[in-house]
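Structural characterization, general
Listed here are the chains, written in short residue letters.
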Amino acid sequence: MESAKEESRLWRRAGTEGAVKRALYIDCCIRGKQSRTRKVAEAFLAALPKTWKVTTVNLMREDLRPLSGEFFAGREELLQTGKIDDVRFDRARQLAAADLVVIAAPFWDMSFPALLKIYIENVSVEGITFRGTEEGLRGLCRAERCVFLTTRGAAYAPGDPMEQALPYLRAIQKFFGFGALDCVAADGLDLDGADADALVAEACARAAALAETL
Ligand SMILES: Cc1cc2nc3c(=O)[nH]c(=O)nc-3n(C[C@H](O)[C@H](O)[C@H](O)COP(=O)(O)O)c2cc1C
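This one's a predicted model, so the numbers in the text were calculated from it and none came from an experiment.

1. Quick look at helix H4 (residues 90-97)
Counted residue by residue, H4 has seven buried out of eight residues, so it is predominantly covered. Among the residues making up H4, those that are buried are Asp 90, Ala 92, Arg 93, Gln 94, Leu 95, Ala 96 and Ala 97.

Have a look at this one:
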(Lines give C-alpha, C1' and ligand atoms only; values in the text may rest on other atoms or scores of the structure.)
Protein backbone atom coordinates (compact mmCIF):
# COMPACT_ATOMS: atom_id res chain seq x y z
CA MET A 1 0.00 0.00 0.00
CA GLU A 2 1.32 3.44 -0.94
CA SER A 3 2.10 6.00 1.72
CA ALA A 4 -0.18 9.03 1.65
CA LYS A 5 2.67 11.06 0.15
CA GLU A 6 3.39 8.55 -2.57
CA GLU A 7 -0.29 8.20 -3.36
CA SER A 8 -0.66 11.98 -3.56
CA ARG A 9 2.31 12.18 -5.93
CA LEU A 10 0.75 9.49 -8.09
CA TRP A 11 -2.54 11.35 -8.08
CA ARG A 12 -0.90 14.57 -9.14
CA ARG A 13 0.80 12.74 -11.98
CA ALA A 14 -2.47 11.10 -12.97
CA GLY A 15 -4.07 14.55 -12.91
CA THR A 16 -1.65 15.94 -15.46
CA GLU A 17 -2.14 12.90 -17.68
CA GLY A 18 -5.91 13.22 -17.26
CA ALA A 19 -6.48 9.52 -17.87
CA VAL A 20 -7.80 8.29 -14.53
CA LYS A 21 -10.97 9.40 -12.73
CA ARG A 22 -10.19 9.42 -9.05
CA ALA A 23 -12.80 8.89 -6.37
CA LEU A 24 -11.90 9.50 -2.75
CA TYR A 25 -14.01 7.52 -0.31
CA ILE A 26 -13.93 9.01 3.19
CA ASP A 27 -15.14 6.29 5.53
CA CYS A 28 -16.37 7.53 8.92
CA CYS A 29 -18.51 4.46 9.66
CA ILE A 30 -17.30 4.05 13.20
CA ARG A 31 -19.28 0.88 13.94
CA GLY A 32 -17.42 -0.92 11.16
CA LYS A 33 -19.12 -4.11 10.02
CA GLN A 34 -22.19 -3.25 12.13
CA SER A 35 -22.63 0.07 10.36
CA ARG A 36 -25.75 0.51 8.23
CA THR A 37 -24.19 3.63 6.73
CA ARG A 38 -21.30 1.53 5.45
CA LYS A 39 -23.78 -0.81 3.76
CA VAL A 40 -25.17 2.16 1.84
CA ALA A 41 -21.61 3.22 0.97
CA GLU A 42 -20.73 -0.27 -0.23
CA ALA A 43 -23.80 -0.33 -2.47
CA PHE A 44 -22.76 3.03 -3.90
CA LEU A 45 -19.16 1.97 -4.54
CA ALA A 46 -20.20 -1.39 -6.04
CA ALA A 47 -22.37 0.42 -8.60
CA LEU A 48 -19.77 3.07 -9.46
CA PRO A 49 -18.61 2.56 -13.08
CA LYS A 50 -15.26 0.80 -13.32
CA THR A 51 -13.69 3.88 -14.89
CA TRP A 52 -13.35 5.23 -11.35
CA LYS A 53 -10.28 4.43 -9.31
CA VAL A 54 -11.42 4.46 -5.70
CA THR A 55 -9.06 5.31 -2.85
CA THR A 56 -10.34 4.87 0.70
CA VAL A 57 -9.43 7.02 3.65
CA ASN A 58 -10.61 5.09 6.70
CA LEU A 59 -10.88 7.77 9.38
CA MET A 60 -10.87 5.19 12.17
CA ARG A 61 -7.35 4.17 11.12
CA GLU A 62 -5.97 7.67 10.58
CA ASP A 63 -3.87 9.35 13.23
CA LEU A 64 -6.34 12.23 13.37
CA ARG A 65 -5.71 14.96 15.91
CA PRO A 66 -7.75 18.09 16.57
CA LEU A 67 -5.89 21.36 16.12
CA SER A 68 -4.70 22.29 19.58
CA GLY A 69 -1.53 23.13 21.52
CA GLU A 70 1.76 22.31 19.80
CA PHE A 71 0.00 20.47 17.01
CA PHE A 72 -1.85 23.68 16.12
CA ALA A 73 1.27 25.85 16.56
CA GLY A 74 3.32 23.57 14.30
CA ARG A 75 0.75 23.86 11.56
CA GLU A 76 0.58 27.67 11.90
CA GLU A 77 4.34 27.87 11.51
CA LEU A 78 4.29 25.74 8.37
CA LEU A 79 1.54 27.87 6.86
CA GLN A 80 3.18 31.16 7.81
CA THR A 81 6.48 30.10 6.26
CA GLY A 82 4.75 28.88 3.10
CA LYS A 83 5.66 25.22 3.62
CA ILE A 84 2.46 23.79 2.23
CA ASP A 85 4.43 20.98 0.56
CA ASP A 86 4.92 19.48 4.02
CA VAL A 87 3.86 15.85 4.45
CA ARG A 88 1.37 17.06 7.02
CA PHE A 89 -0.83 18.40 4.21
CA ASP A 90 -0.84 15.23 2.09
CA ARG A 91 -4.44 14.45 2.94
CA ALA A 92 -5.48 17.97 1.90
CA ARG A 93 -3.67 17.55 -1.43
CA GLN A 94 -5.30 14.17 -1.93
CA LEU A 95 -8.75 15.68 -1.34
CA ALA A 96 -8.04 18.61 -3.66
CA ALA A 97 -6.99 16.25 -6.47
CA ALA A 98 -10.04 13.95 -6.31
CA ASP A 99 -12.60 14.05 -9.13
CA LEU A 100 -15.32 12.64 -6.88
CA VAL A 101 -15.56 12.77 -3.09
CA VAL A 102 -17.72 10.21 -1.28
CA ILE A 103 -18.34 10.74 2.43
CA ALA A 104 -20.03 8.07 4.53
CA ALA A 105 -20.88 8.96 8.12
CA PRO A 106 -23.72 8.12 10.51
CA PHE A 107 -25.88 10.78 12.13
CA TRP A 108 -24.59 11.47 15.63
CA ASP A 109 -25.73 14.13 18.06
CA MET A 110 -27.55 16.20 15.44
CA SER A 111 -24.61 16.09 13.03
CA PHE A 112 -21.86 13.64 12.07
CA PRO A 113 -19.16 12.15 14.34
CA ALA A 114 -16.36 14.42 15.56
CA LEU A 115 -13.88 12.24 13.68
CA LEU A 116 -15.12 13.64 10.38
CA LYS A 117 -14.93 17.19 11.71
CA ILE A 118 -11.32 16.60 12.72
CA TYR A 119 -10.54 15.31 9.22
CA ILE A 120 -12.17 18.43 7.72
CA GLU A 121 -10.23 20.65 10.12
CA ASN A 122 -6.96 19.06 9.01
CA VAL A 123 -7.65 19.25 5.27
CA SER A 124 -8.84 22.87 5.39
CA VAL A 125 -5.55 24.32 4.21
CA GLU A 126 -5.25 27.69 2.52
CA GLY A 127 -3.50 27.28 -0.80
CA ILE A 128 -4.53 23.62 -1.16
CA THR A 129 -8.26 23.15 -0.60
CA PHE A 130 -9.31 26.81 -0.53
CA ARG A 131 -7.91 30.28 -1.08
CA GLY A 132 -8.88 33.67 0.30
CA THR A 133 -9.39 36.25 -2.44
CA GLU A 134 -10.56 39.86 -2.50
CA GLU A 135 -13.97 38.54 -3.53
CA GLY A 136 -14.03 36.10 -0.60
CA LEU A 137 -13.17 32.43 -0.22
CA ARG A 138 -12.60 30.31 -3.31
CA GLY A 139 -12.59 26.51 -3.24
CA LEU A 140 -9.57 24.87 -4.87
CA CYS A 141 -10.81 21.26 -4.97
CA ARG A 142 -11.35 19.86 -8.43
CA ALA A 143 -14.24 17.46 -7.64
CA GLU A 144 -17.39 18.25 -9.58
CA ARG A 145 -19.40 16.01 -7.30
CA CYS A 146 -19.45 15.20 -3.61
CA VAL A 147 -21.77 12.47 -2.36
CA PHE A 148 -22.79 12.25 1.30
CA LEU A 149 -24.14 8.91 2.50
CA THR A 150 -25.72 8.70 5.94
CA THR A 151 -28.21 6.86 8.13
CA ARG A 152 -30.16 8.37 11.00
CA GLY A 153 -31.91 6.95 14.04
CA ALA A 154 -34.83 9.37 13.84
CA ALA A 155 -36.47 11.02 10.84
CA TYR A 156 -35.74 14.61 9.84
CA ALA A 157 -37.67 16.59 7.25
CA PRO A 158 -35.55 18.70 4.89
CA GLY A 159 -34.61 21.94 6.67
CA ASP A 160 -35.26 20.57 10.19
CA PRO A 161 -32.86 22.63 12.38
CA MET A 162 -32.11 19.50 14.42
CA GLU A 163 -30.32 18.07 11.36
CA GLN A 164 -26.97 19.82 11.12
CA ALA A 165 -24.86 17.33 9.14
CA LEU A 166 -26.13 18.13 5.65
CA PRO A 167 -26.26 21.94 6.12
CA TYR A 168 -22.66 21.89 7.35
CA LEU A 169 -21.51 19.77 4.42
CA ARG A 170 -23.29 22.16 2.06
CA ALA A 171 -21.10 24.93 3.50
CA ILE A 172 -18.04 22.72 3.06
CA GLN A 173 -19.06 22.03 -0.56
CA LYS A 174 -18.85 25.76 -1.24
CA PHE A 175 -15.75 26.27 0.90
CA PHE A 176 -13.76 23.55 -0.91
CA GLY A 177 -15.34 24.21 -4.30
CA PHE A 178 -17.03 20.87 -4.97
CA GLY A 179 -19.36 21.37 -7.93
CA ALA A 180 -22.40 19.70 -6.37
CA LEU A 181 -23.39 17.82 -3.24
CA ASP A 182 -25.79 14.87 -3.35
CA CYS A 183 -27.07 13.18 -0.22
CA VAL A 184 -28.52 9.70 0.16
CA ALA A 185 -29.95 9.15 3.63
CA ALA A 186 -31.89 6.39 5.36
CA ASP A 187 -34.06 7.96 8.04
CA GLY A 188 -35.85 6.63 11.10
CA LEU A 189 -33.88 3.40 11.50
CA ASP A 190 -34.18 3.37 15.29
CA LEU A 191 -37.81 4.45 15.56
CA ASP A 192 -40.28 2.02 17.16
CA GLY A 193 -41.67 -0.36 14.57
CA ALA A 194 -39.24 0.67 11.85
CA ASP A 195 -38.17 -2.01 9.39
CA ALA A 196 -34.53 -0.94 9.45
CA ASP A 197 -33.38 -3.59 6.97
CA ALA A 198 -35.95 -2.45 4.43
CA LEU A 199 -35.06 1.21 4.93
CA VAL A 200 -31.36 0.46 4.46
CA ALA A 201 -32.07 -1.68 1.38
CA GLU A 202 -34.10 1.15 -0.11
CA ALA A 203 -31.26 3.64 0.57
CA CYS A 204 -28.76 1.19 -0.97
CA ALA A 205 -30.89 1.10 -4.14
CA ARG A 206 -30.97 4.92 -4.29
CA ALA A 207 -27.23 5.10 -3.69
CA ALA A 208 -26.54 2.53 -6.43
CA ALA A 209 -28.82 4.39 -8.86
CA LEU A 210 -26.90 7.62 -8.19
CA ALA A 211 -23.53 5.90 -8.61
CA GLU A 212 -24.55 4.49 -11.99
CA THR A 213 -25.05 8.04 -13.28
CA LEU A 214 -21.45 9.04 -12.53
C1 LIG B 1 -23.18 8.14 19.55
C2 LIG B 1 -24.47 8.14 18.78
C3 LIG B 1 -25.19 9.31 18.62
C4 LIG B 1 -26.39 9.31 17.90
N5 LIG B 1 -27.10 10.48 17.79
C6 LIG B 1 -28.26 10.49 17.10
C7 LIG B 1 -29.01 11.69 16.95
O8 LIG B 1 -28.63 12.76 17.43
N9 LIG B 1 -30.17 11.66 16.26
C10 LIG B 1 -30.63 10.49 15.68
O11 LIG B 1 -31.67 10.52 15.02
N12 LIG B 1 -29.93 9.34 15.79
C13 LIG B 1 -28.77 9.31 16.50
N14 LIG B 1 -28.06 8.14 16.62
C15 LIG B 1 -28.54 6.94 15.92
C16 LIG B 1 -27.82 6.75 14.60
O17 LIG B 1 -27.97 7.89 13.77
C18 LIG B 1 -28.36 5.55 13.82
O19 LIG B 1 -28.42 4.39 14.62
C20 LIG B 1 -27.50 5.30 12.58
O21 LIG B 1 -28.16 4.39 11.72
C22 LIG B 1 -26.14 4.73 12.98
O23 LIG B 1 -25.41 4.49 11.82
P24 LIG B 1 -24.45 3.23 11.68
O25 LIG B 1 -25.32 1.97 11.70
O26 LIG B 1 -23.80 3.44 10.35
O27 LIG B 1 -23.49 3.27 12.81
C28 LIG B 1 -26.88 8.11 17.33
C29 LIG B 1 -26.13 6.92 17.49
C30 LIG B 1 -24.95 6.94 18.20
C31 LIG B 1 -24.17 5.64 18.36
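Back to the text.
2. A short note on the sheet that holds strand S1 (residues 21-27)
The five strands are arranged S2-S1-S3-S6-S7 in an open sheet whose pairing can be described as parallel. A strand with exactly one partner marks an edge of an open sheet, and here the two such strands are strand S2 (52-58) and strand S7 (180-186). Between one strand and the next, the sheet's axes are offset by a mean angle of 15°, whatever the strand orientation. Sheet topology note: the strand S3 (residues 100-104)/strand S6 (residues 145-151) ladder contains five bridges and is parallel. The residue of S6 that forms the bridge with Ala 104 is Leu 149. Relative to S1, H4 is tilted by about 130°, and along the sheet it contacts S1, S2 and S3. Each of S3, S6 and S7 touches helix H6 (residues 165-176); the most contacted strand, S7, lies at about 160° to it.

3. Focus on the site of the ligand
Near the ligand you find 16 residues, and of these Arg 31, Ser 35, Thr 37, Phe 107 and Asp 190 are the closest. The contact in question runs from an oxygen atom of the ligand to an N or O atom on the side chain of Thr 37, over 2.6 Å. Within the backbone of Gly 153, a nitrogen or oxygen atom sits 3.1 Å from an oxygen atom of the ligand. In isolation the ligand exposes 640 Å². Once the protein is present, 78% of that is buried. By residue class, the composition of the shell around the ligand is seven nonpolar, four polar and five charged.

4. Quick word on the confidence of the model for the protein
Here the protein shows a mean pLDDT of 93. Residues at 70 or above account for 91%. Predicted confidence is poor over residues 13-17, with pLDDT under 50, and the contacts of this stretch with residues over four places away or in other chains come to five contacts.

5. Some words on helix H5 (residues 114-123)
Because each turn of an α-helix spans 3.6 residues, side chains separated by three or four positions end up pointing in the same direction. Among the residues of H5, Leu 116, Ile 118, Tyr 119, Ile 120, Asn 122 and Val 123 are the ones counted as buried. Looking at the packing, one finds that the buried side of H5 touches S1, S2, helix H3 (69-80), H4, S3 and H6.

6. Considerations on the nonpolar core
Residues Ile 26, Leu 95, Val 101, Leu 116, Tyr 119, Phe 176 and Phe 178 are the most contacted members of the largest nonpolar core, which totals 38 residues. With six residues, the top contributor of residues to this core is H6. With residues near it in sequence (within four places) discarded, Phe 176 still touches Leu 95, Ile 120, Val 123, Ser 124, Thr 129, Gly 139, Leu 140 and Cys 141. By size, the runner-up hydrophobic cluster in this structure holds 28 residues, among which are Tyr 25, Cys 29, Leu 210 and Ala 211.

7. Focus: the packing of helix H2 (residues 36-47) against helix H7 (residues 196-212)
Closest axis-to-axis distance for the H2/H7 pair is 7 Å, and the angle between their directions is 30°. Judged on the interaxial angle alone, H7 and H2 are roughly parallel. Handedness of the H2/H7 crossing: right-handed. Of the residues in H7, those touching H2 at Arg 36, Lys 39, Val 40, Ala 43, Phe 44 and Ala 47 are Ala 196, Val 200, Ala 203, Cys 204, Ala 207, Ala 208, Leu 210, Ala 211 and Glu 212. When the residues that make up the contact of H2 with H7 are grouped by side-chain class, the tally is 12 nonpolar, no polar and three charged.

8. A short note on empty space enclosed by the protein
Summed over all chains, the structure comprises one cavity of 30 Å³ or more. What lines the largest cavity is Ile 26, Leu 95, Val 101, Ile 103, Tyr 119, Ile 120, Leu 169, Ile 172, Phe 176 and Phe 178. Counting residues per element, the ones that place at least two in the lining of the largest cavity are S3, H5 and H6. Counting residues per element, the lining of the largest cavity draws most heavily on H6, which supplies three residues. Of the residues contributing to the lining of the largest cavity, the split by class is 10 nonpolar, no polar and no charged.

Each value, and the rule that gives it
Residues numbered from 1 in each chain as written. Predicted model: local features only at pLDDT ≥ 70, side-chain atom pairs only at ≥ 80, totals over all residues. Heavy atoms only, no water. Buried < 20%, exposed > 50% of the residue type's maximum accessible area, 1.4 Å probe, protein only. Helix = DSSP H or I, 4+ residues; strand = E, 2+ residues; numbered from the N terminus. Pairing = 2+ DSSP bridges. Axes fitted to C-alpha atoms, helices over the stretch in contact; angles between N-to-C directions. Contact = heavy atoms within 4.5 Å. Near = heavy atom within 4 Å. Polar contact = N/O pair within 3.5 Å; in protein donor to acceptor, adjacent residues only side chain to side chain. Areas by Shrake-Rupley, 256 points an atom, 1.4 Å probe, with all protein chains shown as cover. Nonpolar A, V, L, I, M, F, W, Y, C, P; charged D, E, K, R; others polar. pLDDT = per-residue confidence, 0-100. Core = buried A, V, L, I, M, F, W, Y, C linked by side-chain atoms within 4.5 Å. Parallel < 35°, antiparallel > 145°, perpendicular 65-115°, else oblique. Left-handed = near helix turned anticlockwise from the far one by under 90°. 1 Å grid on protein atoms, 1.4 Å probe; cavity = no way out; pocket = protein on both sides within 12 Å on 5 of 7 lines; lining within 4 Å. Points joined across faces, edges and corners; volume = space filled by probe spheres on them.

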